[in-house]
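# Observations on the three-dimensional arrangement
One letter stands for each residue in the lines below.
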Amino acid sequence: MSSYYITTPIYYVNDVPHIGHAYTTIAADVLARYHRLRGEDVFFLTGTDEHGQKVQQAAAKRGVAPQQHVDELVIRFEQLWKRLDISNDDFVRTTQRRHTAVVQEILRRLQAQGELYRHSYEGWYCLPDERFWANDEVSDGKCPECGRPVERLSEQNYFFKMSRYRERLIRHIDTHPDFIRPEARRNEVLGFLAQPLGDLCISRPRARLPWGVPFPFDDAFVTYVWVDALVNYISIPGYGTDEARFARWWPANVHLVGKDILTTHAVYWSTLLMALGLDLPSTIYAHGWWTVNGEKMSKSRGNVVDPGAMVDEFGVDPFRYFVLREVPFGHDGDFSRDAFIGRYNSDLANDLGNLVSRTLTMIERYCESRVPQPGPEDDFEELVAATAREVDNSLRDFQFHRALQEIWIIVNRANRYIETSAPWTLAKNPSARPHLDAVLYTLAETLRHIARLISPFMPQSARAIFESLGLADVPNGGPAAWGVLKAGHPIHKAPPLFPRTVTPHPVRIVMDIPEPTVAVSPTPQLAPIGIEDFAKIDLRVGKIVAAERVPKSSKLLKLQVDLGTETRQVLAGIGTKYDPEALIGRLVAVVANLKPAKLMGLESQGMILAAGDKEVASLIGFVEPVQPGMKIK
RNA sequence: GGCGGCGUAGCUCAGAGGUAGAGCAGGUGAAUCAUAAUCACUCGGCCGGGGGUUCGAAUCCCUCCGCCGCCA
């Protein structure tokens, strides 16, 4: 049986899972499910990256051991994947022994083969990014990547002789057009490789960073997190521990990655594999990023899309559909509530959902809820077969959106077919019975094929359609034959698959960045007030233009807030939750007519609204664009 | 600064020498099986600006403008 091995990156366990993580994982899941549907043997791997400085620092900040910290955080990913119907076959955590043992074995082999050397190194170190920069890369003490201050560090470290693989890697990319995709990214990597390639520092001194995989032959060092992380792609399928199993899966068919980590995969990982004498994966595919309402998504903007909120409101399948239909894979895309609702209503509710409803209703009404006798199928058999071929081509090329477009051609043809054959008219004429039956049989069988084709994208909906047709879930393997439904077989009409969204009521699609645990204490009920009491409060949109900590206070921040017509100084007790830098530019709700008060000797001319009791949980923000000074009512 | 990409209908995008396209949105009508869904017709473009090559240019070349990558 042919095998298919697909991976996502392993996600940094410290991150709050957002639409970006969900995107890669959903795409991988669709491919995994598609190849299973074709009857192939699939191994789909995802997981978490749990070592490194930031994990160590975050754990220290919470006052817990790093292992306990990651044990608690990994749940957020595991739960989100369950929620999103992700069918991964394994979930790797880099702190697992089955992984760390292989990391160490690989270091031993590299060392034994003379691929490593020790070298004293001095450079500028960016703590948040955990990386060194050369002198000429750093200007005025700032990290070229993140802009934060760097510090001078001198270290002994182990280096991997990456430079010696440069020509070989260039040759490989030249001779394997599918190795790095899309093509624009491939050219970027070739551009990168056109310049001299250095060796790769693959250790960190244990004294500075104990949270990592120890070097097997030198206690003073732990493994650089990137090397640790990349090895997951071979450690889990059995490298060094189960050669037969490893041979079945490696080389991977595809590593899906975000465009931000392409170089790491295309260059570091490829050369490491070469040094180990292993084949390279067939494809490394770098997909794009999501913006939100046209803006870059970031913690400090407070516009990080929470997949959980979308799933709560619209369901798993529509979310999966949207992210893959809306944007060509490889391109950047924009996420907005309007776009989502547009897709949902027109593609899912109106086109597909309604097609299912009307077809089943007619079979129910005209055929006593039983599959009618087949007859001439008006080219639908050929259409469905041709579409299956197109979907196959598109998915082999990672063009999810095109695959869905192709499937929707059938949906549209079926809707048109109902109009042109007008079963309700045929039903009035007893002599038209065979024709009526043939039309409805064709529609039912077409629905079955549609369900099969969408099943990798929307597994629950596909199953629901199958069940309505009186079938069990979509079977894997086997040909997509025409005429599987048997006349006389009972069907079961179900409620609408995708209920149309009429009122676009504002819902949180944006998430707060949560602390792992913030207790919600019961809020005492207050006496009712009238609208006239509420009207006494002048609430306005403000934009934070400056923010600094108030000396000697852990909580208080001194903010300058633009209210459109004026800028006010406001003191807010949100310093334990927010860093001042992260607040610049943020839009907030302000009580504009609060009597000025002095706090720690500084005047405060208003109040910022936030959720939370003693501890602030989240500032109140806006989902749609607003201007400073706007009234809030 | 170097290399590359993009700019086409109100919006999102396809088209890569031969009569400007799709989906959504807008307009008109038909139909009543269906989730106010569907179907048909329709409105809508100096194809970023300018210059060139060509019988003919969204398409090829040059240049300018505006966005965006990768590298420095």
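## A short note on the overall build of chain A
A count of helical and extended segments in chain A gives 20 helices and 24 strands. The buried share of chain A, taken over its 633 residues, is 52%. Working note: accessible area of chain A is about 28,400 Å², and carbon and sulfur atoms make up 52% of it.

## Observations regarding the protein's contact with RNA strand B
Lining the immediate environment of RNA strand B, one finds 27 residues, of which Glu188, Gly353, Asn354, Arg358 and Arg500 sit closest. For RNA strand B, the fraction of atoms within 4 Å of the protein that belong to sugar or phosphate moieties is 72%. The backbone of Gly353 places a nitrogen or oxygen atom 3.1 Å from a base oxygen of RNA strand B. Elements with a contribution of two residues or more to the surface near RNA strand B: α6 (183-194), α13 (337-366) and α15 (400-421). Element by element, the count of residues in the surface near RNA strand B is highest for α13, at twelve residues.

## Some points on the packing of aromatic side chains
In the structure shown here, the tally under the stated rule is 33 aromatic pairs. Taking 6.2 Å as the distance between ring centres and 65 degrees as the angle between the ring planes, the aromatic pair formed by Tyr5 and Trp250 counts as edge-to-face. You can see Tyr5 sitting in strand β1 (residues 3-12) and its partner Trp250 sitting in the loop between α9 (243-249) and β11 (254-258), a full 245 residues away along the chain. No difference in accessibility class separates Tyr5 from Trp250, as the two residues are buried.

## Examining the confidence of the model for chain A
Of all residues in chain A, 89% attain a pLDDT of 70 or more, and the chain-wide mean is 87. Considering only residues more than four positions removed or in separate chains, one finds that residues 504-509, a stretch of pLDDT under 50, has 17 contacts. pLDDT under 50 marks residues 512-525. Its contacts with residues more than four places away, or in other chains, come to twelve contacts. As a predicted assembly, this complex carries a pTM of 0.80 together with an ipTM value of 0.94.

## Remarks on the sheet that holds strand β14 (residues 295-296)
Taken in spatial order, the three strands make up an open sheet running β14-β13-β15, and their pairing is mixed. Whereas interior strands pair on both sides, the edge strands pair on one side only; in this sheet they are β14 and β15 (333-335). Sheet analysis places strand β13 (residues 290-292) next to β14, joined by two bridges and oriented antiparallel. From the neighbouring strand, Val292 faces β14, where its bridge partner is Glu295.

## Regarding the side chain of Ser336
Note on placement: Ser336 falls in the loop between β15 and α13. Exposure remark for Ser336: the relative accessible area of 12% places this residue in the buried category. For Ser336, the side chain forms a polar contact with the main-chain nitrogen of Ala339, separated by 3.1 Å.

## Section: the packing of helix α12 (residues 316-325) against helix α18 (residues 459-468)
Their axes nearest at 7 Å, the elements α12 and α18 cross at an angle of 120 degrees. Taken together, the axes of α12 and α18 lie oblique to each other. Here Val316, Asp317 and Arg320 of α12 come into contact with α18, specifically with Pro459, Gln460 and Ser461. For the contact of α12 with α18, the residue count by class is two nonpolar, two polar and two charged.

## Re the environment of Trp424
Note on placement: Trp424 falls in helix α16 (residues 423-426). The sequence separation of Trp424 and Arg365 amounts to 59 residues, and the corresponding C-alpha distance is 9.9 Å. Among residues more than four places away in sequence, those in contact with Trp424 are Met362, Tyr366, Ile418 and Glu419.

## Things to note about α15
With 22 residues, α15 extends 32 Å from end C-alpha to end C-alpha; this agrees with the ideal 32 Å at 1.5 Å per step. Looking one or two residues beyond α15, the residue adopting positive phi is Ala422, at roughly 45 degrees.

## A word on the sheet that holds strand β2 (residues 41-49)
Ordered in space as β3-β2-β1-β11-β12-β7, the six strands form an open sheet in which the pairing is parallel. Each having just a single partner strand, β3 (90-93) and β7 (180-181) make up the two edges of the open sheet. Pairing geometry for β7 and strand β12 (residues 283-287), over two bridges, is parallel. Within β12, the position partnered with Arg181 by the bridge is Tyr285. Together, β7, β11 and β12 form the strand contacts of helix α10 (residues 262-275), whose direction differs from that of β12 by roughly 160 degrees.

## What about unusual backbone geometry?
A cis geometry characterises the amide bond from Arg181 onward to Pro182, with omega recorded as -5 degrees. Relative to the helices and strands, Pro182 is located in the loop between β7 and α6. With omega at 0 degrees, the peptide bond leading from Trp250 into Pro251 counts as cis. Tracing the sequence through the fold places Pro251 in the loop between α9 and β11. Not every positive phi belongs to a glycine, and Glu368 is a case in point at roughly 50 degrees. Structurally, the position occupied by Glu368 is in the loop between α13 and α14 (380-396).

## Here we look at the side chain of Thr95
Within the secondary structure, Thr95 is located in the loop between β3 and α4 (97-112). With a relative accessible area of 19%, Thr95 lands in the buried category. At 2.6 Å, the side chain of Thr95 forms a polar contact with the side chain of Glu50. Beyond its immediate chain neighbours, meaning those up to four positions away, Thr95 contacts Glu50, His51, Gln67, Val70, Thr100 and Trp211.

## Digging into the nonpolar core
With 103 residues, the main nonpolar core has Leu84, Phe319, Leu324, Trp408 and Phe457 as its most contacted residues. Among the elements that line this core, the one with the most residues is α13, at twelve residues. Contacts of Phe319, omitting those with residues within four sequence positions, involve Ile19, Ala22, Ile26, Leu84, Pro307, Met310, Val311, Phe335 and Phe340.

## Some details on the packing of α14 against α15
Two elements in contact, α14 and α15, have axes separated by 7 Å at closest approach and are oriented at 165 degrees. Judged on the interaxial angle alone, α15 and α14 are roughly antiparallel. The two elements α14 and α15 cross, and the hand of that crossing is left-handed. For the pair formed by α14 and α15, the contact residues are Phe380, Leu383, Val384, Thr387, Glu390, Val391, Ser394 and Leu395 on the first element and Phe400, Arg402, Ala403, Glu406, Ile407, Ile410, Arg413, Ala414 and Tyr417 on the second. A breakdown of the residues in the contact of α14 with α15 according to their chemical character gives eleven nonpolar, two polar and four charged.

About the criteria used
- Numbers given for residues are sequential positions, taken from 1 along each chain in its written order.
- Think of it this way: whatever chain is written first is A, whatever ligand is written first is 1, and the rest follow in order.
- Given that this is a predicted model, residues contribute local features only at a pLDDT of at least 70 and side-chain atom pairs are listed and counted only at 80 or more, while totals for whole chains, interfaces and linings are drawn from all residues.
- Remark: hydrogens and water are excluded; side-chain values derive from all non-hydrogen atoms of the structure.
- Strands are runs of DSSP state E lasting at least 2 residues, helices are runs of H or I lasting at least 4, and numbering of each runs from the N terminus.
- Burial classification: accessible surface area is computed with a 1.4 Å probe over protein chains only, and a residue below 20% of its type maximum counts as buried, one above 50% as exposed, and the rest as partly exposed.
- Using a 1.4 Å probe, the Shrake-Rupley method yields the accessible areas, and only the shown protein chains count as cover for residues.
- Being near a molecule or strand, for a residue, means having at least one of its heavy atoms within 4 Å of it.
- Think of a polar contact as two N or O atoms within 3.5 Å of one another; within protein, one of them needs to be a possible hydrogen donor and the other a possible acceptor, and neighboring residues in sequence only count if both atoms come from side chains.
- We call Phe, Tyr and Trp rings a pair once their centres come within 6.5 Å, taking the six-membered ring for Trp, and we label the pair stacked below 30 degrees between planes, edge-to-face above 60, and tilted otherwise.
- pLDDT measures the predictor's confidence residue by residue and takes values from 0 up to 100.
- Contact criterion: two residues are considered in contact whenever any of their non-hydrogen atoms come within 4.5 Å of each other.
- Here the rule is simple: two strands pair whenever DSSP picks up at least two bridges between them.
- Under this scheme, a helix contributes an axis fitted over its contacting stretch, all axes are lines through C-alpha atoms, and angles between N-to-C directions fall in the 0 to 180 degree range.
- Comment on the angle field: the value is read as roughly parallel under 35 degrees, roughly antiparallel over 145, roughly perpendicular from 65 to 115, and oblique elsewhere.
- Under this grouping Gly is polar, as are all residues other than the nonpolar Ala, Val, Leu, Ile, Met, Phe, Trp, Tyr, Cys and Pro and the charged Asp, Glu, Lys and Arg.
- An expected span of 1.5 Å times one less than the residue number is assigned to each helix.
- Take the buried residues of types Ala, Val, Leu, Ile, Met, Phe, Trp, Tyr and Cys, join any two whose side-chain atoms come within 4.5 Å, and each joined set is a nonpolar core.
- Take the far helix as your reference; a near helix turned counterclockwise from it by less than a right angle gives a left-handed crossing, and one turned clockwise gives a right-handed crossing.

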